[in-house]
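# Topology and contacts: notes
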Number of protein chains: 2
Amino acid sequence: MANQESYAGKINRKLNKKLRIIAVAAGREKADLVLKNADYVNVFSGEICHADIAVAEGLIVGMGQYSGTVEYDMTGKLVLPGFVDAHIHLESSLVSPKEFARAVLPHGTTTVITDPHEIANVMGTDGIEYMLQATEDLPVDVRFMLPSCVPATPLDEAGANLDYRAIDSFYDHPRVQGLAEMMNFVGAVNGDAQVVEKIVAAQAHHKKIDGHAPGLSGNALNAYMAAGVYSDHECSDLEDALAKLRMGQFIMIREGTAAHNLEALVSLLQPQYIERCMFCTDDKHPSDLLEKGHIDYIVKKAIRLGADPIMAIKAACHNAARYFLLNNRGAISPGYLGDFVVIDNFEDFNIELVFKKGRLMYDGEVKEFDAPQVDDYLSARAHDTFHVDTLTAADFADRRMRGVIGMVPGEIVSEDAGYADHIDVSADILKIAVIERHKNTRHIGIGYIKGYGLKRGAVATSISHDSHNIIVVGASEADMAAAVNRVVENRGGIVVVEEGTVLGEVALPIAGIMSDDRLENVNEALENAKAQAFTLGVSEGIDPFMTLSFMALPVIPTLRITTRGVIDVITQQYI
Amino acid sequence: MANQESYAGKINRKLNKKLRIIAVAAGREKADLVLKNADYVNVFSGEICHADIAVAEGLIVGMGQYSGTVEYDMTGKLVLPGFVDAHIHLESSLVSPKEFARAVLPHGTTTVITDPHEIANVMGTDGIEYMLQATEDLPVDVRFMLPSCVPATPLDEAGANLDYRAIDSFYDHPRVQGLAEMMNFVGAVNGDAQVVEKIVAAQAHHKKIDGHAPGLSGNALNAYMAAGVYSDHECSDLEDALAKLRMGQFIMIREGTAAHNLEALVSLLQPQYIERCMFCTDDKHPSDLLEKGHIDYIVKKAIRLGADPIMAIKAACHNAARYFLLNNRGAISPGYLGDFVVIDNFEDFNIELVFKKGRLMYDGEVKEFDAPQVDDYLSARAHDTFHVDTLTAADFADRRMRGVIGMVPGEIVSEDAGYADHIDVSADILKIAVIERHKNTRHIGIGYIKGYGLKRGAVATSISHDSHNIIVVGASEADMAAAVNRVVENRGGIVVVEEGTVLGEVALPIAGIMSDDRLENVNEALENAKAQAFTLGVSEGIDPFMTLSFMALPVIPTLRITTRGVIDVITQQYI
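The rules behind these values
Residues numbered from 1 in each chain as written. Chains lettered and ligands numbered in written order. Predicted model: local features only at pLDDT ≥ 70, side-chain atom pairs only at ≥ 80, totals over all residues. Heavy atoms only, no water. Contact = heavy atoms within 4.5 Å. Buried area = accessible area lost by both parts, 1.4 Å probe. Salt bridge = Lys/Arg side-chain N within 4 Å of Asp/Glu carboxyl O. Polar contact = N/O pair within 3.5 Å; in protein donor to acceptor, adjacent residues only side chain to side chain. Axes fitted to C-alpha atoms, helices over the stretch in contact; angles between N-to-C directions. Helix = DSSP H or I, 4+ residues; strand = E, 2+ residues; numbered from the N terminus. Parallel < 35°, antiparallel > 145°, perpendicular 65-115°, else oblique. Left-handed = near helix turned anticlockwise from the far one by under 90°. Nonpolar A, V, L, I, M, F, W, Y, C, P; charged D, E, K, R; others polar. Least-squares fit on C-alpha atoms with pLDDT ≥ 70 in both. Buried < 20%, exposed > 50% of the residue type's maximum accessible area, 1.4 Å probe, protein only. Pairing = 2+ DSSP bridges. Right-handed = clockwise from strand over helix to strand, strands pointing away. Patch = residues over 30% accessible without salt bridge, like charges linked within 9 Å, V, L, I, M, F, W, Y side chains within 5 Å. Areas by Shrake-Rupley, 256 points an atom, 1.4 Å probe, with all protein chains shown as cover. pLDDT = per-residue confidence, 0-100.

## Observations regarding the interface of chain B and chain A
Each partner contributes residues to the interface: chain B has 70 residues there, and chain A has 70 residues. In total, about 5,500 Å² of surface goes out of reach between chain B and chain A, with carbon and sulfur atoms giving 55% of it. Summed over the three residues of chain B that lose the most area to chain A, namely Tyr7, Phe44 and Arg322 of chain B, the buried surface amounts to 12% of that side. On inspection of chain B and its partner chain A, the count reaches six salt bridges. One salt bridge in this structure joins Lys314 of chain B and Glu275 of chain A, with 2.8 Å as the shortest N-O distance. Where chain B meets chain A, there are 29 residue pairs in polar contact (both at pLDDT 80 or more).

## Observations concerning the packing of helix H1 (residues 7–25) of chain A against helix H7 (residues 193–204) of chain B
Between H1 of chain A and H7 of chain B, whose axes approach to 9 Å, the crossing angle comes to 115°. Put simply, H1 of chain A runs roughly perpendicular to H7 of chain B. Of the two elements, H1 of chain A crosses H7 of chain B, and the hand of that crossing is right-handed. Across the interface between the two elements, Tyr7, Lys10, Ile11, Lys14, Leu15, Lys18, Leu19 and Ile22 of chain A of H1 of chain A pack against Ala193, Val196, Glu197, Val200, Ala201, Gln203 and Ala204 of chain B of H7 of chain B.

## Here's the deal with the packing of H1 of chain A against helix H8 (residues 218–227) of chain B
The geometry of H1 of chain A relative to H8 of chain B is characterised by a closest axis approach of 8 Å and an angle of 165° between their N-to-C directions. In this view, H1 of chain A runs roughly antiparallel relative to H8 of chain B, as classed from their interaxial angle. The handedness of the crossing between H1 of chain A and H8 of chain B comes out as right-handed. Two secondary-structure elements touch here, H1 of chain A through Lys18, Ile21, Ile22 and Ala25 of chain A and H8 of chain B through Asn219, Asn222, Ala223, Ala226 and Ala227 of chain B. A breakdown of the residues in the contact of H1 of chain A with H8 of chain B according to their chemical character gives six nonpolar, two polar and one charged.

## Focus on the relation of the copies chain B and chain A
Superposition record for chain B on chain A: RMSD 0.0 Å, screw rotation 180°, translation along axis 0.0 Å. One copy is carried onto the other by what is essentially a two-fold rotation axis. For chain B, the minimum C-alpha distance to the rotation axis belongs to Pro271 of chain B and amounts to 3.1 Å. A symmetric contact is evident, with 100% of the interface residues of chain B recurring at the interface of chain A.

## Remarks on the pairing of strand S12 (residues 250–254) of chain A
Residues and elements named next belong to chain A. Burial analysis of S12 places five of its five residues in the buried class, the great majority of the element. The two faces of S12 match: Phe250, Met252 and Arg254 on one face and Ile251 and Ile253 on the other face are all buried. With two bridges joining them, strand S11 (residues 231–232) and S12 adopt parallel strand pairing. Opposite Ser231, over in S12, you have Phe250 as the bridge partner. You can see the chain leave S11, run along helix H9 (residues 238–247) and come back into S12, and the turn it takes is right-handed.

## A look at the environment of Thr390 of chain B
Residue and element names in this part refer to chain B. In this fold, Thr390 is placed in the loop between helix H15 (376–382) and strand S17 (402–407). Classification of Thr390 as exposed rests on a relative accessible area of 64%. It is 52 Å that separates the C-alpha atoms of Thr390 and Ile313, two residues lying 77 residues apart in sequence. When neighbours within four sequence positions are excluded, Thr390 is seen to be in contact with Asp395 and Asn485.

## Quick word on the sheet that holds S12 of chain A
In sheet architecture, strand pairing relies on hydrogen bonds along the backbone and comes in two forms, parallel and antiparallel. Residue and element names in this part refer to chain A. Reading across from one edge, S11-S12-S13 is the order of the three strands in this open sheet, with parallel pairing throughout. In this open sheet, the two strands that pair with only one neighbour each are S11 and strand S13 (277–280). Strand direction decides the pairing type here: S12 and S13, joined by four bridges, are parallel. Paired with Met252 across the bridge in S13 is Met278.

## A word on a nonpolar patch on the surface
Residue and element names in this part refer to chain A. A cluster of nonpolar side chains, namely Met401, Tyr419 and Ile575, defines an oily patch on the protein surface of about 300 Å² accessible area. Structurally, Ile575 is set in the segment after strand S27 (573–574). When its relative accessible area of 31% is taken as the criterion, Ile575 is described as partly exposed.

## A closer look at the sheet that holds strand S17 (residues 402–407) of chain A
Residue and element names in this part refer to chain A. Within the open sheet, the eight strands sit side by side as S18-S17-S20-S19-S22-S21-S23-S24. Their pairing is mixed. Edge positions in the open sheet fall to strand S18 (414–420) and strand S24 (501–507), since each of these has one partner strand only. For this sheet, the mean angle separating the axes of adjacent strands, direction not counted, is 20°.

## Structural notes on helix H2 (residues 97–104) of chain A
Residue and element names in this part refer to chain A. In terms of residue burial, H2 counts as a mostly covered element, since seven of its eight residues are buried. Along H2, the residues that are buried comprise Pro97, Glu99, Phe100, Ala101, Arg102, Ala103 and Val104. Where H2 is buried, its residues contact strand S6 (83–88), strand S7 (109–114), helix H4 (125–134), helix H11 (286–291) and helix H17 (519–535).

## Some thoughts on the confidence of the model for chain A
Model confidence for chain A is summarised by a mean pLDDT of 97, while 99% of its residues fall at 70 or above. Reported for the predicted complex are a pTM of 0.96 and an ipTM of 0.95.

## Examining the pairing of strand S5 (residues 78–81) of chain B
All names here are of chain B. Side chains Leu78 and Leu80 of S5 all project onto a buried face; the interleaved residues Val79 and Pro81 project onto the opposite face, where all are buried too. As judged from the two bridges shared by strand S1 (residues 31–42) and S5, these two strands associate in the parallel manner. Of the residues in S5, the one forming a bridge with Tyr40 is Val79. Pairing geometry for S5 and strand S14 (residues 340–343), over four bridges, is antiparallel. Its bridge partner lying in S14, Leu78 is registered against Ile343.

## Topic: the pattern of salt bridges
Under the definition given, this model contains 72 salt bridges over all chains. Measuring nitrogen to oxygen at the nearest pair gives 2.7 Å for the salt bridge that ties Arg20 of chain B to Asp32 of chain B. With Arg20 of chain B in helix H1 (residues 7–25) and Asp32 of chain B in strand S1, this pair connects stretches of sequence that are twelve residues apart. Between Arg381 of chain B and Asp126 of chain B there is a salt bridge, and its shortest N-O distance comes to 2.7 Å. Here Arg381 of chain B is found in helix H15, whereas its partner Asp126 of chain B is found in helix H4 (residues 125–134), with 255 residues between them in sequence. Take Arg381 of chain B: its relative accessible area is 31%, and that puts it in the partly exposed class. Linked through salt bridges whose partners overlap, the residues forming this network are Arg20, Glu29, Asp32 and Glu57 of chain A.

Right, dumping it as structure tokens:
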């Protein structure tokens, strides 16, 4: 109890910090940092303004004439507020949150709103707790929306089943902003009590609820919104986006690794609609992060597509901050966080400096920062999520007639390609299986897949949406077993095997979906594994792992494979 | 404990209501109310849209095709969201909150943000509590900002002295939005700890802090904002407003009884600035409410001045709601409150119907509604705020040399008009006094005033900013005593006396500043008293009571009268 701060003590502590800030703002004391002679984007008036920007105690204290302990001359540069990603699953980067932060800082990202949906499907509330701890005090502020759909469907065998009471106490966490994308929009619209009570509980905590409802319109959209859902990041055409915006939803324009919606929606970046628009990525895979960037990539692309740069900047910072009630960021204004992106100009858009809370975090290289401390038991638990006995070819030897999932190049939807009862490489009929890995149930769902192209060996991955069991495709049942065993040995990841030999692999020991390694190393291993998969015959135009990772998600038509076999998503019947 | 609702019980109750709303929105059940064939203002897209608007459980559930238990055909009409006054002191209407609601409903007001600064100066926290109780469940939603400056200055002898701890528990009240106008901007900028800790405490509760800083600019404005103040309603010229808007303040464009700033600021109502602008009145006196209206008057005037009608509507509802985080109102959108204003068209702007939470409250006449229940002890306390012994002419017989306050026609500032030691009606030198009335201290400050014009009798009022002691001006000391005694007898109000006879009076027995009577009656009594004051000689161009009510406010230059004598506001010295 000795270190429990009283209310009076807390007010006094904050008062003293505030008095310093006021003294610096008023010019009575020197600032910690001053960006001298700065042209900066004013998101309030939609102009470029010019002033010295002073920072103290990590906060902007004023724009005017200031001197500081540290000063940077901004002549010829342009200062922007730090960028905000309104919706991402951090796990999609395949690296730890610290490593993610290191990857996005050079791109000007200073706040992200993450939905730890993937890890929650593996570790339940411990997964949420792990991510909260692993993001504490990072130089990218990581805010959370609580996963709303774990498991994604009742057909999934996930690592957890989270009802409204399971996540309730997290709403008191200072970095939790609300309830993440309510993917079960059908349940919401139909008045499924277990779905709606999650929304009701979030509202009882005065929190935001994000939406996910591609193409929903008319009275169904009314019902979804009346339930309490005021954002959408699934719009891929302008008509859908405008219908939702008119109805009162905020539009998160998504441009990530899997979905590219900016081009279709860029015309929203105009005065009539801008207030309701922000940017998000949803997912960012390693190569995409390394090669394209993050929110800066979206801003650059928007400008290239003809958007007014200041509108694009507003969508990249201010509007997301306001939507999430993060009213101390997303603008250059007294009292706001000292989060800055310094670029050369809008045309070239080279990011030269990035500051987080007044601290220089990037100037051509990312500054060192500490990894957050995670409780030992949580760290141990995160690294021990596979409960699967060693498998042999016999476990995959099944010879019954099973459905054949027909892959569609460039899409994640699939076709019903009939039945098969054995592997036939010459006809491109491969065996596919999903191995339940959370609770050692020995559930192994077996089916066939056409279009993947593998000629020999097997490919296995524990990134398998949304329940992250192990999915494996093989031209040989022995190699399927070898690949899965190696995934388990690595405590998760991606493995490419031929004749029992591992040709390529990415170890993802954090919950089976994230690496402890550096992003560059993960990317290199991933690219190598991918090349090996192609060597084994995987068809051109197919991402050997990402495509596979959606084959066990029984909400995408037509056929999917689960731990209980092949299911027709349309009829919801196993075939 | 039996009626204490469990968390599960609360969620279940909200769930059942929500399921009904969803069912109506989806079209599975009939709506409670449908506005059929409505053209309505869409504040999200800045358009006029067309649909049936359905309401259930007091909330809008959808815009589309709906049928309802009650239906109104909106053909040829225009439906707007209910209006929001972003800043008002309800007490300025001189009537009870219930009566205020009855007065503004015909003008389309469905939410007001009040600062109970006046009653708090009389009754302290009991005054805040009184107003909270007296506004519970009114058909105009009354939200509160907690008074930040009671007393207004250390020179005031108010009924209370409220530090941050005194008001702290009110932040938990569901209708308290934050800390009201921080008038002591000098204290904030100078780092006065007692001022800044009020701001810090409001922030610790995640609440808004309103500003009040006419003309503040440069580093002082930076300091004021860095302290935590993000709105201003004191802008009277465009340059001041733009400077504050650029810095990051929200601008409350004020058009009330005392201040008329719309004309100067109307050009803010354009796409570049609109997101940061809203409307407020600050004060609305009875005749102004009855003759001009409320927020509707501002909208009409803005349109007449050339503003885009949809921009004006956004400022009149949506923008204030967003600023105050009242995210369930200020737009026509599923899940939002069923608060509607139905007008004929933008040009004539006749309000035909007003709905609050889906309930018809005005259709040419205001519908009956109950007065909120106020605790007996609070009601008794509110009606017993005068603690002054009976006075006689001897109490005002002072013959020392005293400062003469020189009135300036049409202004509330005053001049230093020298000294006097007796009443001299022929030279327009009248005696003025302030009688402390909260604690029976017998403090009576005496001075002289020039320019008021009274030839005989006396005028007294207990509306005397901000501490609401009794202020009296007289051509006769006996009439001064008689007028004050009558104010006390009436438990507050305004009295005009000649030769001991009451010629006109307004009884204001609620804290000495509000009436229990109907607005129309109060206005009639007030207009009569005013006429009587003019009969006694009060100069043309002077409001006999309002002008007087500012003469004891020792923050307005040059000379003022307090309970301790005449003070020079510039030098802060008694003269």
